Amino acid sequence: MWYDVIKQLESENQDYVLVTVLGTRGSTPRDCGTKMIVSRTKSYATIGGGHLEFKAIEQAKKLLSEPLSQQKFEHFPLGAKLGQCCGGQATILFESFIKTSIDIMLFGAGHVGKALVSILAGLPCRVHWVDSREHEFPDNLASNISKIVSDSPSDEVRIMPENAYYVIMTHNHPLDFAISEAILKRNDAHYIGLIGSKSKRARFAKRLAAAGVSPAMLDQLICPIGISEINGKSPAHVALSIAADLAIWQQLRDDAK
């Protein structure tokens, strides 16, 4: 049933649109109250098929591209315009449920990376987890975590949407540098965190400036990462500190909307 689908999507922190036939007049494919659900990847149930359903899914996808949840009514005459022979009319209610989720690209599947992912798995975010070492990834990942095994992790930066969050903590300083450079030169990140010390940041800043990264762009690079109130050095403490910092930045972003 449709409510079981919603329960599942909610448990997976997935965005979706509930599509309801709110009113009908004349001959229509389905009666009032008929529902279907459209997620980012598929649709569930049906409001009768045909071009009406095609247009409804199209409208639902548009709502899924918006940053906030909303309701919208749409009136559809089922005649020549939609290529359906019913001849009636249908009023459709679209209710989108958009999670306050963010896209995080995490580079590094070491001890801190694993600890951070275990925290992010329970939060409203989509994590793109990148490492060249496939054996470092756990066998089972939460539904909001996707692994990316790449021989060139810095090249994966191009797949991210604007205003993404980046956390850089690989096993290799030259790789950290290449990733930082790729992100900064995109110049559209909301957060760029680099694990390391103040001296590491100073070295990177000097090299990045020589590579053509402007001072304004360099200001975006946060290193060390995490909040100072959590100062433990274990992977769990470091991961908790980083997760808290990400949550603060997300709250600032949401408050600015």
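Preceding this paragraph is the structure being described.
Below is a summary of the structure that appears in this document. (Residues numbered from 1 in each chain as written. Predicted model: local features only at pLDDT ≥ 70, side-chain atom pairs only at ≥ 80, totals over all residues. Heavy atoms only, no water.)

What follows is about a nonpolar patch on the surface. A grouping of Met1, Trp2 and Tyr3 is seen on the molecular surface, where their side chains present a nonpolar patch of about 350 Å² in accessible area. Assignment of secondary structure puts Trp2 in helix α1 (residues 2-11). The class of Trp2 is partly exposed, set by a relative accessible area of 32%. (Patch = residues over 30% accessible without salt bridge, like charges linked within 9 Å, V, L, I, M, F, W, Y side chains within 5 Å. Areas by Shrake-Rupley, 256 points an atom, 1.4 Å probe, with all protein chains shown as cover. Salt bridge = Lys/Arg side-chain N within 4 Å of Asp/Glu carboxyl O. Helix = DSSP H or I, 4+ residues; strand = E, 2+ residues; numbered from the N terminus. Buried < 20%, exposed > 50% of the residue type's maximum accessible area, 1.4 Å probe, protein only.)

Our focus in this paragraph is α1. Listed in full, the buried residues belonging to α1 are Val5, Ile6 and Leu9. Looking straight down α1, one finds that the buried residues subtend no more than 100° of arc, so they occupy a single side. Across from the buried face of α1, at angles greater than 90 degrees, the exposed residues are Lys7 and Ser11. Against the buried residues of α1 lie β1 (16-25), β2 (35-39) and β3 (43-45). Phi turns positive one or two residues past the end of α1, at Asn13, with a value near 55°. (Arc of directions from axis to C-beta. Contact = heavy atoms within 4.5 Å.)

The five strands are arranged β3-β2-β1-β5-β4 in an open sheet whose pairing can be described as antiparallel. The sheet is open, and its two edges are formed by β3 and β4 (70-77), each paired on a single side. Here the strands of the sheet are splayed against their neighbours by 20° on average, with no regard to which way each runs. Of the strands in this sheet, β1, β2 and β3 are in contact with α1, which crosses β2 at around 20°. Packing of helix α2 (residues 50-64) onto the sheet brings it into contact with β1, β2, β3, β4 and β5 (89-97), and relative to β2 it is tilted by some 45°. (Pairing = 2+ DSSP bridges. Axes fitted to C-alpha atoms, helices over the stretch in contact; angles between N-to-C directions.)

Let us now look at empty space enclosed by the protein. Empty pockets left among the atoms are what a rolling probe the size of a water molecule brings to light. Enumeration over the complete set of coordinates arrives at one cavity of 30 Å³ or more. Empty space within the largest cavity amounts to approximately 30 Å³. Lining the largest cavity we find Gly108, Val130, Asp131, Ser132, Pro153, Thr170, His171 and Leu175. Taken together, the residues that form the lining of the largest cavity break down as three nonpolar, four polar and one charged. (1 Å grid on protein atoms, 1.4 Å probe; cavity = no way out; pocket = protein on both sides within 12 Å on 5 of 7 lines; lining within 4 Å. Points joined across faces, edges and corners; volume = space filled by probe spheres on them. Nonpolar A, V, L, I, M, F, W, Y, C, P; charged D, E, K, R; others polar.)

On to the packing of helix α4 (residues 173-186) against helix α5 (residues 198-210), then. Remark: α4 packs on α5, axes separated minimally by 11 Å, with the N-to-C direction vectors making an angle of 55°. It follows that α4 is oblique to α5 by the angle criterion. For α4 against α5, the interelement crossing comes out right-handed. For the pair α4 and α5, contact is made by His173, Asp176, Phe177, Ser180, Glu181 and Leu184 and by Lys200, Arg203, Phe204, Arg207 and Leu208, respectively. When grouped by side-chain class, the residues that make up the contact of α4 with α5 number four nonpolar, two polar and five charged. (Parallel < 35°, antiparallel > 145°, perpendicular 65-115°, else oblique. Left-handed = near helix turned anticlockwise from the far one by under 90°.)

Of the voids in this model, the second largest pocket is the one considered here, and its volume is about 270 Å³. Along the walls of the second largest pocket sit 17 residues, with Glu12, Asn13, Gln14, Arg126 and Ser143 positioned nearest its centre. Sorting the residues of the lining of the second largest pocket by element identifies β7 (125-131) and β8 (145-149) as the ones contributing at least two each. Split by residue class, the lining of the second largest pocket holds four nonpolar, eight polar and five charged.

The next point concerns the side chain of Asp188. Mapped onto the fold, Asp188 is located in the loop between α4 and β10 (191-194). Among the polar contacts listed, one links the side chain of Asp188 to the side chain of Arg186, at a separation of 2.6 Å. In contact with Asp188, other than residues within four places in its own chain, are Glu162, Asn163 and Ala164. (Polar contact = N/O pair within 3.5 Å; in protein donor to acceptor, adjacent residues only side chain to side chain.)

What follows covers the pattern of salt bridges. Scanning all chains against the criterion turns up 11 salt bridges. Of the charged contacts, one joins Lys114 and Glu136 as a salt bridge, the two residues approaching to 2.9 Å between their closest N and O atoms. One end of the pair, Lys114, is in helix α3 (residues 111-120); the other, Glu136, is in the loop between β7 and β8, and 22 residues separate them in sequence. Lys114 sits in the partly exposed class, given a relative accessible area of 29%. For Glu136, a relative accessible area of 22% translates into the label partly exposed. Among the salt bridges present, the one from Asp176 reaches Lys200, with a minimum N-O distance of 2.8 Å. Taken together, the residues span a long stretch of sequence, with Asp176 in helix α4 and Lys200 in helix α5 at a distance of 24 residues. Several salt bridges converge on common partners, so that one network encompasses Asp15, Arg40, Asp103 and Arg126.

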